Amino acid sequence: MAKTRVIYWFRTDLRLHDSPALKAALDLNPTAFWPIFTWDPHYVYRARGGLNRWQFLLDCQNDLSKSITKLNPKLKLFVLREAPQSLFPKLFKAWEVTHLVFEKDTDSYGRERDQVVMEAAKKAGVVVIVKSGRTLWDSDEVVKKNGGEPTMSMAAVRAAGGKVGKIPRPIPAPKRLPDPGEMPVDFEQDQPETAPDLNASRRTEKDTGYKSIAGPSGDFAIETMEELGFPSATTPHRGGESIALERLDKIIQDTKYTATFEKPNTSPAQFDPPATTFLSPFLHFGALSVREFYWRVQDVVDAYGKGASSPPTSLTGQLLFRDMYFAAQAALGPVFHQTANNPTCRFIPWHLPSKTDPSTGIVTGEYHVDSDTAETWFKRWKHGVTGFPWIDALMRQLKQDGWMHHLGRHSVACFLTRGGCYVDWERGAEVFEEWLLDHEPACNAGNWQWLSCTAFFAQFFRCYSPVAFGKKWDKEGALIRKFVPELKDLDAKYIYEPWKAPLPDLKKAGVRLKGNGLDDKEDGTYPKPMFDFNERRQICIDAMKKAYDVDLHGTDKQVLDGSWREL
Ligand code: FAD
């Protein structure tokens with residue numbers, strides 16, 4: 001019998017259920033089968049990733065590994081600590097691999113990495129099988145059916161998706177898994193020497209490291225936070241396919257919630273439990289299949305009949321948005337994540353440094369602040385000390401828990417960009433990249449463009465108030481009391497606007513309004529608002545109007561005049 005020695009490479013799909021790629025691997029009837037995960041220096045050292053996301057990833061790996069072992073005690077998720085590009089050529093040879101199978105990854109870096117690995121496989125005579133499974137439809141097929149163009153609207157993705165075909169029904173999880181073969185690693189290894197420094201804004205490969213490709217015990221174990229040299233995560237949210245499926249079951253059992261879900265009616269102030277499904281981090285790591293999610297919901301909707309909601313506001317509509325951003329990214333590649341050279345992203349001269357008259361020192365800039373002030377605003381936004389409790393609560397929720405409701409993301413993204421600070425959306429997207437559990441390159445960039453009115457959405461005159469919007473959902477300010485404990489005892493009348501509280505009320509609540517919250521933070525102090533919001537909103541709207549009138553797309557102009565990175 002011919003030997004079929006198959007490596008199944010887990011990456012964006014940390015699950016056993018509904019995996020077309022895993023099914024393809026098992027359909028080969030392997031004589032040896034290795035489920036592996038490779039540490040990728042790109043994510044470890046170059047991409048931003050906070051502690052909470054690391055913890056969630058390790059949770060997903062551990063859960064998957066347990067499920068694999070249940071199906072075959074000789075197996076687990078084997079973790080190999082070397083970059084896939086350098087690792088695979090050696091593995092192909094040492095393990096006498098005949099097939100490499102994995103789920104398609106259309107992220108820009110993913111494509112680049114996979115190209116290198118596929119070339120190595122070709123050279124080694126290894127057959128590569130790649131299957132789409134991360135989105136409702138294969139994003140590349142959607143782009144083809146959209147005439148090669150990025151999908152910039154819900155209508156576009158629905159029309160193109162419809163032409164690709166019906167969304168496939170989920171595939172059941174396998175009931176058994178084949179045995180592994182030998183796993184020699186007696187080849188030259190290329191692993192780093194020290195653990196990465198999570199505090200460095202961009203880690204370097206010099207910081208890196210693991211003693212052996214198979215881990216300190218040589219058993220291909222999943223790393224722990226401790227072993228990685230990381231302190232504990234702060235998020236209460238835990239990852240894994242089992243939790244994801246339980247969570248989905250619970251949602252589906254509530255047929256009314258599932259069938260009548262309307263995103264705009266869900267509260268951004270509700271956090272325990274969140275008003276939306278909180279399935280995004282599981283989708284990100286592939287611990288939950290998006291098609292499983294889609295069809296479980298669609299079946300409830302179909303049975304519910306009259307009164308069920310429909311896209312774009314329904315639950316399935318949310319998943320369509322996800323596919324829309326994935327297909328936009330698939331068409332545009334790396335430029336989707338930036339304004340520069342991105343043909344679909346409108347150029348806005350975000351916080352052009354204002355012009356200071358050198359003779360008088362008077363700032364005459366267009367947007368009335370100097371770049372140092374704008375940079376301080378950015379930092380205060382990032383660390384949740386703007387002096388607007390609603391914004392601060394949301395940003396601290398993001399940092400502490402790694403998640404924020406969609407409309408909360410709307411509030412803070414609008415505030416940072418076109419509705420307050422007039423700071424470049426790419427700066428905000430970087431913070432989300434670091435702190436979100438569910439950070440998805442396509443969804444993050446796409447939604448930041450939406451909120452900053454640089455693509456997908458253009459109604460820049462509609463701004464979120466950092467006071468009225470939160471109040472509408474949560475009069476008592478529960479979210480603020482939880483995440484901004486300095487204000488926890490303040491009367492509800494002032495919780496969104498502590499600067500309006502009379503001194504005796506502030507005193508009673510133990511609040512002192514003082515400082516900027518960054519370098520001079522004293523216990524019991526909370527800053528005054530960093531600007532007059534109404535004034536800033538008008539300045540931003542006027543500036544946006546001007547930028548829209550000029551109507552520049554892409555950024556050749558900003559690159560040419562050197563202004564786009566000046567903040
Ligand atoms: P639900 O409302 O329960 O929706 C179900 C699923 O649909 C989500 O899990 C998600 O996969 C998908 N979905 C819902 N809304 C969107 C949307 N607007 N765009 C794309 N997919 C959506 N989502 C991410 O998954 N990763 C990101 O990095 C990300 N960054 C964002 C940045 C900004 C500035 C904004 C405004 C939104 C961002 N979103 C991102 C979209 C959205 O906020 C989250 O998907 C959602 O809040 C996740 O919570 P949930 O699972 O409870 O969502």
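Please refer to the structure higher up on the page.
Visitor: Outline the overall build of the protein chain, supporting the account with residue identities and numerical values.
Guide: Each helix and strand in the protein chain was counted, giving 23 helices and seven strands. The proportion of buried residues among the 567 residues of the protein chain is 58%. Partitioning the contacts of the protein chain with sequence separation of at least 6, the portion at a separation of at least 24 is 76%. For the protein chain, the exposed surface amounts to about 24,000 Å²; the carbon and sulfur share of it is 52%.

Visitor: Which residues make up the environment of F336, and what are the values?
Guide: Along the chain, the position of F336 falls in the loop between helix 13 (315–332) and helix 14 (371–382). On a C-alpha basis, the gap between F336 and R15 in space is 28 Å, while along the polypeptide they are 321 residues apart. Dropping the residues within four chain positions of it, F336 is found in contact with Y325, A328, Q329, N342, W425, A442, A445, G446, Q449 and F456.

Visitor: A description of the site of the ligand should follow, citing residues and the corresponding values.
Guide: Near the ligand lie 31 residues; those nearest to it are T276, T277, F278, H406 and D438. Between the ligand and H406 there is a distance of 2.7 Å, counted from an oxygen atom to a side-chain nitrogen or oxygen. For the ligand, whose accessible area on its own is 800 Å², the fraction buried by protein is 99%. Sorting the residues of the shell around the ligand by element identifies helix 11 (280–284), helix 13, helix 16 (406–416) and helix 18 (441–451) as the ones contributing at least two each. Considering each element in turn, the shell around the ligand owes the most residues, six residues, to helix 13.

Visitor: Tell me about the sheet that holds strand 1 (residues 5–9), and name the residues and values.
Guide: Ordered in space as 3-2-1-4-5, the five strands form an open sheet in which the pairing is parallel. In this open sheet, the two edge strands, each paired with only one partner strand, are strand 3 (78–80) and strand 5 (127–131). Direction aside, the axes of adjacent strands within the sheet are offset by 30 degrees on average. Pairing of strand 1 with strand 4 (residues 99–103) involves four bridges; the strand directions are parallel. Its bridge partner being in strand 4, W9 is matched across the sheet by F102.

Visitor: Residue-level account of the pairing of strand 2 (residues 32–38), with values.
Guide: Across the seven residues that make up strand 2, a large majority, seven, are buried. Of the two faces of strand 2, both are covered, the one formed by A32, W34, I36 and T38 as well as the one formed by F33, P35 and F37. As paired elements, strand 1 and strand 2 share five bridges and run parallel to each other. If you follow I7 over to strand 2, its bridge partner there is W34. The β-α-β motif built from strand 1, the intervening helix 1 (residues 20–26) and the parallel element strand 2 has right-handed crossover chirality. Across three bridges, strand 2 lies against strand 3 in parallel orientation. Paired with I36 across the strands is F78, a residue of strand 3.

Visitor: Account for empty space enclosed by the protein, with residues named and values stated.
Guide: Inspection of the entire model under this criterion finds three cavities of 30 Å³ or more. Looking at the largest cavity, its volume works out to about 50 Å³. Lining the largest cavity we find K104, T106, S132, R134, T135, D138, S139 and F326. Broken down by class, the residue content of the lining of the largest cavity amounts to one nonpolar, four polar and three charged.

Visitor: Account for the packing of aromatic side chains, naming residues and giving values.
Guide: As enumerated under the stated definition, the model contains 38 aromatic pairs in all. Seen from their ring centres, W9 and F102 are 5.2 Å apart, and the 85 degrees between their planes marks the pair as edge-to-face. Here F102 lies in strand 4 and W9 lies in strand 1, a separation of 93 residues in the sequence. You'll find W9 and F102 in the same group, each marked buried. For the ring pair F388 and W499, a centre distance of 5.7 Å and an interplane angle of 80 degrees mean the geometry is edge-to-face. Note that F388 is positioned in the loop between helix 14 and helix 15 (389–401) and W499 in the loop between helix 20 (478–483) and helix 21 (503–508), a separation of 111 residues in sequence.

Visitor: An account of the pairing of strand 4 is requested, with residue identities and associated values reported.
Guide: Two faces make up the sheet, and in a regular strand the side chains alternate between them. Burial analysis of strand 4 places five of its five residues in the buried class, which makes it a mostly covered element. With five bridges connecting them, strand 4 and strand 5 associate as parallel partners. Opposite E103, over in strand 5, you have K131 as the bridge partner. Handedness of the crossover joining strand 4 and strand 5 through helix 5 (residues 108–124) is recorded here as right-handed.

Visitor: Can you break down the environment of A275 residue by residue, with the values?
Guide: Its location among the elements puts A275 in the loop between helix 10 (255–260) and helix 11. For the pair A275 and I539, spaced 264 residues apart in sequence, the C-alpha to C-alpha distance is 34 Å. Those residues within four positions of A275 in sequence are excluded, and the remaining contacts are Y257, F261, T266, S267, Q270 and H405.

Visitor: Account for the nonpolar core, naming residues and giving values.
Guide: Ranked by internal contacts, the top residues of the largest apolar core, which has 167 residues, are I36, W95 and W381. By residue number, the principal contributor to this core is helix 13, which donates 11 residues. Apart from the residues lying within four places of it in its own chain, the contact partners of I36 are I7, Y8, W9, F10, L77, F78, L80, F88, L91 and W95.

Visitor: Mind laying out the pattern of salt bridges, listing which residues take part and the relevant values?
Guide: What the rule picks out here adds up to 27 salt bridges. As a salt-bridge pair, K500 and E497 come within 2.9 Å of each other at their nearest N and O atoms. Because the salt bridges share partners, they merge into one network encompassing R11, D105, D107, R113, D114, R134, R322 and E440.

Conventions and cut-offs
Residues numbered from 1 in each chain as written. Predicted model: local features only at pLDDT ≥ 70, side-chain atom pairs only at ≥ 80, totals over all residues. Heavy atoms only, no water. Helix = DSSP H or I, 4+ residues; strand = E, 2+ residues; numbered from the N terminus. Buried < 20%, exposed > 50% of the residue type's maximum accessible area, 1.4 Å probe, protein only. Contact = heavy atoms within 4.5 Å. Areas by Shrake-Rupley, 256 points an atom, 1.4 Å probe, with all protein chains shown as cover. Near = heavy atom within 4 Å. Polar contact = N/O pair within 3.5 Å; in protein donor to acceptor, adjacent residues only side chain to side chain. Pairing = 2+ DSSP bridges. Axes fitted to C-alpha atoms, helices over the stretch in contact; angles between N-to-C directions. Right-handed = clockwise from strand over helix to strand, strands pointing away. 1 Å grid on protein atoms, 1.4 Å probe; cavity = no way out; pocket = protein on both sides within 12 Å on 5 of 7 lines; lining within 4 Å. Points joined across faces, edges and corners; volume = space filled by probe spheres on them. Nonpolar A, V, L, I, M, F, W, Y, C, P; charged D, E, K, R; others polar. Phe/Tyr/Trp six-rings, centres within 6.5 Å; stacked < 30°, edge-to-face > 60°. Core = buried A, V, L, I, M, F, W, Y, C linked by side-chain atoms within 4.5 Å. Salt bridge = Lys/Arg side-chain N within 4 Å of Asp/Glu carboxyl O.

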